[in-house]
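# Architecture and fold: a report
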Amino acid sequence: MPRFAANLSMLYPELAFLDRFDAAAKDGFEGVEYLFPYDFPAAEIAARLQANGLQQVLFNAPPGHWEAGERGLACLPGRENEFREGIARALDYAAALDCPRVHVMAGLMPSGLSREMLEATYIHNLRWAAGEARKTGRDLLIEPINTRDMPGFFLNRQDHAHAIVAAVGEPHLKVQMDLYHCQIVEGDVAMKVREYLPTGRVGHLQIAGVPTRNEPDMGELYHPYLFGVIDEVSAACGWDGWVGCEYRPARGAVVNGTTDGLGWLRALRG
Ligand SMILES: O=C(O)C(=O)[C@H](O)CO
Ligand SMILES: [Mg+2]
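The following paragraphs examine the structure supplied in this document. Since this is a predicted model, take the numbers as computed values, not measurements.

### Considerations on the overall build of the chain
Of regular secondary structure, the chain possesses 10 helices and eight strands. The globule rule puts the C-alpha radius of gyration for 270 residues at 18 Å, and the 18 Å found for the chain is close to it. Dimensions of the chain, computed from the C-alpha atoms along their principal axes, are close to 50 × 40 × 35 Å. Counting over 270 residues, the chain shows a buried share of 54%. Total accessible area on the chain stands at roughly 11,200 Å², and carbon and sulfur atoms take up 51% of it. When the 25 basic and 35 acidic side-chain charges of the chain are each reduced to a single mean position, those positions are 2 Å apart.

### Some words on the site of ligand 1
The immediate surroundings of ligand 1 are formed by 13 residues, with Asn60, Glu143, His181, Arg213 and Glu246 found nearest. Contact between ligand 1 and His103: an oxygen atom at 3.1 Å from a side-chain N or O atom of the residue. Compared with its free state, where it exposes 260 Å², ligand 1 has 94% of that area covered by protein. The residue inventory of the shell around ligand 1, partitioned by class, reads four nonpolar, five polar and four charged.

### Structural notes on the packing of aromatic side chains
Applying the stated rule across the entire model yields 14 aromatic pairs. Arranged with centres 6.0 Å apart and planes meeting at 70°, the rings of Phe21 and Tyr34 form a pair that is edge-to-face. Of the two residues, Phe21 is situated in helix H1 (residues 20–26) and Tyr34 in the loop between strand S2 (31–33) and helix H2 (42–51); the sequence distance between them amounts to 13 residues.

### So, the coordination of the magnesium ion (ligand 2)
The magnesium ion (ligand 2) binds to the protein through Glu143 (OE), Asp178 (OD), Gln206 (OE1) and Glu246 (OE), with metal-donor distances spanning 2.0 to 2.2 Å. Because the angles between the six donor atoms bound to the magnesium ion (ligand 2) fall within 76 to 174°, the donor set is best described as octahedral. Since its relative accessible area comes to 0%, Asp178 is described here as buried.

### Examining helix H4 (residues 115–136)
Taking 1.5 Å per residue, 22 residues should reach 32 Å; H4 reaches 31 Å between its end C-alpha atoms and fits that length. Positive backbone phi, at 75°, marks Gly137, one or two positions downstream of H4.

### Focus on the pattern of salt bridges
Applying the stated criterion across every chain yields a total of 15 salt bridges. Among the salt bridges present, the one from Arg79 reaches Glu70, with a minimum N-O distance of 2.8 Å. Accessibility classification places Arg79 together with Glu70 in one group, the buried group. Here Arg213 ties to Asp178 by a salt bridge, and the two come within 3.4 Å at their closest N and O atoms. With Arg213 in the loop between strand S7 (202–207) and helix H8 (223–237) and Asp178 in strand S6 (residues 173–178), this residue pair connects regions lying 35 residues apart in the sequence. The two residues Arg213 and Asp178 agree in class, both being buried.

### Let's talk about the packing of helix H3 (residues 80–97) against H4
Between H3 and H4, the shortest axis-to-axis distance is 11 Å and the interhelical angle comes to 25°. Between H3 and H4, the interaxial angle falls into the category roughly parallel. Every pair of crossing elements has a handedness; the one defined by H3 and H4 is right-handed. Counted together, Glu80, Phe83, Arg84, Ile87 and Leu91 of H3 and Thr121, His124, Asn125, Trp128, Ala129, Glu132, Ala133 and Thr136 of H4 form the full contact between these two elements. Across the contact of H3 with H4, the residue classes tally to six nonpolar, four polar and three charged.

Cut-offs and rules
Residues numbered from 1 in each chain as written. Chains lettered and ligands numbered in written order. Predicted model: local features only at pLDDT ≥ 70, side-chain atom pairs only at ≥ 80, totals over all residues. Heavy atoms only, no water. Helix = DSSP H or I, 4+ residues; strand = E, 2+ residues; numbered from the N terminus. Rg over C-alpha atoms; globule rule 2.2 N^0.38 Å. Buried < 20%, exposed > 50% of the residue type's maximum accessible area, 1.4 Å probe, protein only. Areas by Shrake-Rupley, 256 points an atom, 1.4 Å probe, with all protein chains shown as cover. Lys, Arg positive; Asp, Glu negative; His and termini not counted. Charge placed at Lys NZ, Arg CZ, Asp CG, Glu CD. Near = heavy atom within 4 Å. Polar contact = N/O pair within 3.5 Å; in protein donor to acceptor, adjacent residues only side chain to side chain. Nonpolar A, V, L, I, M, F, W, Y, C, P; charged D, E, K, R; others polar. Phe/Tyr/Trp six-rings, centres within 6.5 Å; stacked < 30°, edge-to-face > 60°. Donors = N, O, S within 2.8 Å, 3.2 Å for Na, K, Ca; no water. Tetrahedral: all angles 85-135°; square planar, octahedral: opposite > 155°, others 65-115°. Expected span 1.5 Å × (residues − 1). Salt bridge = Lys/Arg side-chain N within 4 Å of Asp/Glu carboxyl O. Axes fitted to C-alpha atoms, helices over the stretch in contact; angles between N-to-C directions. Parallel < 35°, antiparallel > 145°, perpendicular 65-115°, else oblique. Left-handed = near helix turned anticlockwise from the far one by under 90°. Contact = heavy atoms within 4.5 Å.

Okay, here's the thing in structure tokens:
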């Protein structure tokens, strides 16, 4: 069975953010991920992790003005200084939370700029950032995201993400392979897991039911089969990453809604 991490930005929506750590541990999770820690002192989050015996496995670098609709700065010409400040801040939090990886969002394509210019900026920024991450022994991740959920997002496909990682040429830059986005944009998910996990360039996986982004036992993907593929490929190539449960509980923000929806995980645990 893969190692599953609870995504605390989506799971346990009825609870205050800091109380979600406790809930995830009670449900048997050993790792957590979420979008952003920056509203809280790192020490406060570290205390929640420690109190619950949880590992912080992933969070995101500052994405620009999230509330104003921005979704990352990495491909945006003219925002390089802000991008670098954000990476420095993220790596400080990663050190305090003992988190081995940070997701760096590409950004939305601004009108009037060529793809070539955005790609050049993206590679330049990521090369600098991955070098900073290397100094601290952590990985930075880039994630292809579907444009139905995030119209205009620069990075959408696995092959593009892997080409970017190759162009950057830094071993501390990897791909965050979200099978939910992969199914929506590309399909053929099991074969893509078989193709990309053995490359050593996938730093993290994420899952959700497609198309509603609810529990993985809902929708068009049959996750027990995919978990078997992940297990088989991991055993063969030594991949030892986490699988983030990045879905919105179908029961919504109700007491025990997330826990009640974890039947798929209880079935795997047997
Ligand atoms: O949306 C996703 O799939 C993510 O993993 C991001 O971290 C945030 O958009
Ligand atoms: Mg994701």
